[in-house]
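Remarks on the overall topology
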Amino acid sequence: MKNNNVNYNIIQNVKSFQSNLVSNKFYFFKELSTKSENFINFLKSIKNLKDFKSFQLKKKLQTHTGIVNHIACLQDGRLASCSKDKTIIIYNKDNFEPQIEINNIHNGQIFSFTQIEDGHIISCSEDKIMKVIKIDKDKYSVIQSLEQHQGYVVKVIEFKKNELISISNDNTLKFWKKENDNFNCIKSIKFQNNQNYAVCIMKLNDEEFVTTDNGDGKLKFWNYKYYSMTKEFNEGITSNWISTQLCLLNEDKFIFSCGSIYLFDINSKNVIKKYNINTYSVIKCIDGTILLNSEKKLIKYKLLENELQKIDELKQNNTDNVYALAELTDGTIAIGYNNIIEIWN
């Protein structure tokens, strides 16, 4: 390492300044890779970000007629949202005016959507169906309907390219693989307790994923290759699908939010620490900090070693709980509550 002077100098600079830097944009040097290329990319990604305390309400969108269930930043930087009103809306990146309105594709509310590697969006609906949607600049087309679930579909993730996992209140996990341009269900796992079903799912690494149950708040760790559960965690947690959140922080740690926040170690699959913070939305930001909604505020935390430290907060104008939260590529924050989306920058 010392023979590479560029890398070595950068590492030494990071180490010497990490405990003294006070800018809110440089919180996760301790988590930063020691490769100079990663360091430079990190600086590029945060150079235009504003201090959180200076954020102001830029725009209020009332484009949905039902509760906003989910919002996310697409691969091209555009904001997208879905709602109880059975629609998905994709917004213009510059003025946040609706650019694509995807409607009349489901007979029930749309709980969530996921954009997969090839750019297609997969929607999850109360009507028990997932739709694979091709997105162009200002138009869309539905190219496949996935109808194997017997209950409403809560969420789907792309675990590997062209390989999906979906969760539903039919008490099953379903595994999908793309063959001949279509996704086919290749495996279905039914939960033993018919009263419980997965309400959240997240990939941990190339071998594992985790799910959370409604009702008893059980956290289940799974091996993807063998379709098997490797560990079940439950320490008297009670849960409902609205308040349950998962957030991957790095290759070693993730957050499980369920009434309280639990900081988990991925390797041991044990809780590092519990925090009495009640939130309905939690995400990891571009600058490495953690953003969540609690007590009518947007609050930022940093992860330092095995501790979450509060670093800033922004009081919301609304008095409602935020059930949808996303960050765009320029650091803009979008929050969803009732049928409203607010844009903060």
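Please refer to the structure higher up on the page.
The following refers to the structure shown.

Conventions we followed
- The numbering scheme is per chain: residues are counted from 1 as the chain's sequence reads.
- Residues qualify for local features only when their pLDDT is at least 70, as the model is predicted, and side-chain atom pairs are given and counted only at 80 or more; totals for whole chains, interfaces and linings, by contrast, use all residues.
- Side-chain measures here rest on the full set of heavy atoms in the structure, leaving out hydrogens and waters.
- Strands are labelled as partners when DSSP assigns at least two bridges between them.
- A run of H or I in DSSP becomes a helix once it reaches four residues, and a run of E becomes a strand once it reaches two; helices and strands are each numbered from the N terminus.
- Here the axes come from fitting lines to C-alpha atoms, over the contacting stretch only for helices, and the angles between their N-to-C directions go from 0 to 180 degrees.
- A 1.4 Å probe rolled over the protein chains alone gives each residue an accessible area, and that area as a share of the maximum for its type sets the label: buried under 20%, exposed over 50%, partly exposed in between.
- We place a 1 Å grid over just the protein atoms. Points where a 1.4 Å probe fits but has no way out form a cavity, open points with protein on both sides within 12 Å along at least 5 of 7 lines form a pocket, and any residue with an atom within 4 Å of a point lines it.
- Grid points are joined across faces, edges and corners, and a volume is the space filled by probe spheres set on the points.
- Gly is put with the polar residues, along with every residue not named as nonpolar or charged; the nonpolar set is Ala, Val, Leu, Ile, Met, Phe, Trp, Tyr, Cys and Pro, and the charged set is Asp, Glu, Lys and Arg.
- Salt bridge criterion: a side-chain nitrogen from Lys or Arg within 4 Å of a carboxyl oxygen from Asp or Glu.
- For Phe, Tyr and Trp, where Trp contributes only its six-membered ring, two rings pair if their centres lie within 6.5 Å, and the inter-plane angle classes them as stacked under 30 degrees, edge-to-face over 60, or tilted in between.

**Overview of the sheet that holds strand β24 (residues 297-304)**
Ordered in space as β22-β23-β24-β25, the four strands form an open sheet in which the pairing is antiparallel. Every interior strand has two partners, whereas the edge strands, β22 (282-284) and β25 (307-315), have only one. Strand-to-strand, the axes of this sheet are offset by a mean angle of 25 degrees, without reference to chain direction. When β24 meets β25, the two strands line up antiparallel, connected through eight bridges. In the strand pairing of β25, Lys297 is matched with Lys315.

**Some remarks on the pairing of strand β19 (residues 253-258)**
Among the six residues that make up β19, six are buried, leaving the element largely enclosed by the rest of the structure. Residues of β19 alternate between two faces, with Lys253, Ile255 and Ser257 on one and Phe254, Phe256 and Cys258 on the opposite face, all of them buried. Both strand β18 (residues 245-248) and β19 contribute to a ladder of four bridges, which runs antiparallel. Looking at the pairing, Leu248 lines up with Phe254 of β19. Two successive antiparallel strands, β18 and β19, enclose a turn made up of four residues.

**Some thoughts on the layout of surface pockets**
Empty space left among the atoms is revealed by rolling a probe the size of a water molecule over them. Reported here for the largest pocket is a volume of approximately 1,600 Å³. For the largest pocket, the lining is made up of 47 residues, of which His70, Ile71, Ala72, Lys155 and Leu325 are closest to its centre. In terms of residues, the lining of the largest pocket owes the most to one element, strand β2 (residues 68-73), which gives six residues. In terms of residue class, the lining of the largest pocket is made up of 30 nonpolar, 11 polar and six charged.

**Quick notes on unusual backbone geometry**
One non-glycine residue, Asn104, lies in the positive phi region at around 60 degrees. Following the sequence through the fold, Asn104 ends up in the loop between β5 (98-102) and β6 (110-115). Classification of Asn104 as exposed rests on a relative accessible area of 74%. Despite not being glycine, Asn338 shows a phi value in the positive range, around 50 degrees. Within the fold, Asn338 resides in the loop between β27 (333-337) and β28 (340-344).

**Here we look at the pattern of salt bridges**
Enumeration according to the criterion identifies 13 salt bridges in this entry. Among the salt bridges present, the one from Glu208 reaches Lys269, with a minimum N-O distance of 2.7 Å. Remark: Lys269 occurs in the loop between β20 (260-265) and β21 (270-275) and Glu208 occurs in strand β15 (residues 208-213); sequence separation between them is 61 residues. Both residues of the pair, Glu208 and Lys269, count as buried. Between Glu232 and Lys220 there is a salt bridge, and its shortest N-O distance comes to 3.5 Å. Taken together, the residues Glu232 in strand β17 (residues 228-233) and Lys220 in strand β16 (residues 219-223) connect sequence positions 12 residues apart. For Glu232, a relative accessible area of 36% gives the class partly exposed. The exposure class of Lys220 is buried, given its relative accessible area of 7%. Here the salt bridges do not stand alone but share partners, grouping Asp213, Lys218, Lys220 and Glu232 into one network.

**Re the packing of aromatic side chains**
One pass over the structure, following the stated rule, counts 16 aromatic pairs. With 6.1 Å between their ring centres and 65 degrees between their planes, Phe175 and Phe209 make a pair best called edge-to-face. Here Phe175, found in strand β12 (residues 172-179), pairs with Phe209, found in strand β15; they are 34 residues apart in sequence, far enough to count as distant. You can call Phe175 buried: its relative accessible area is 1%.

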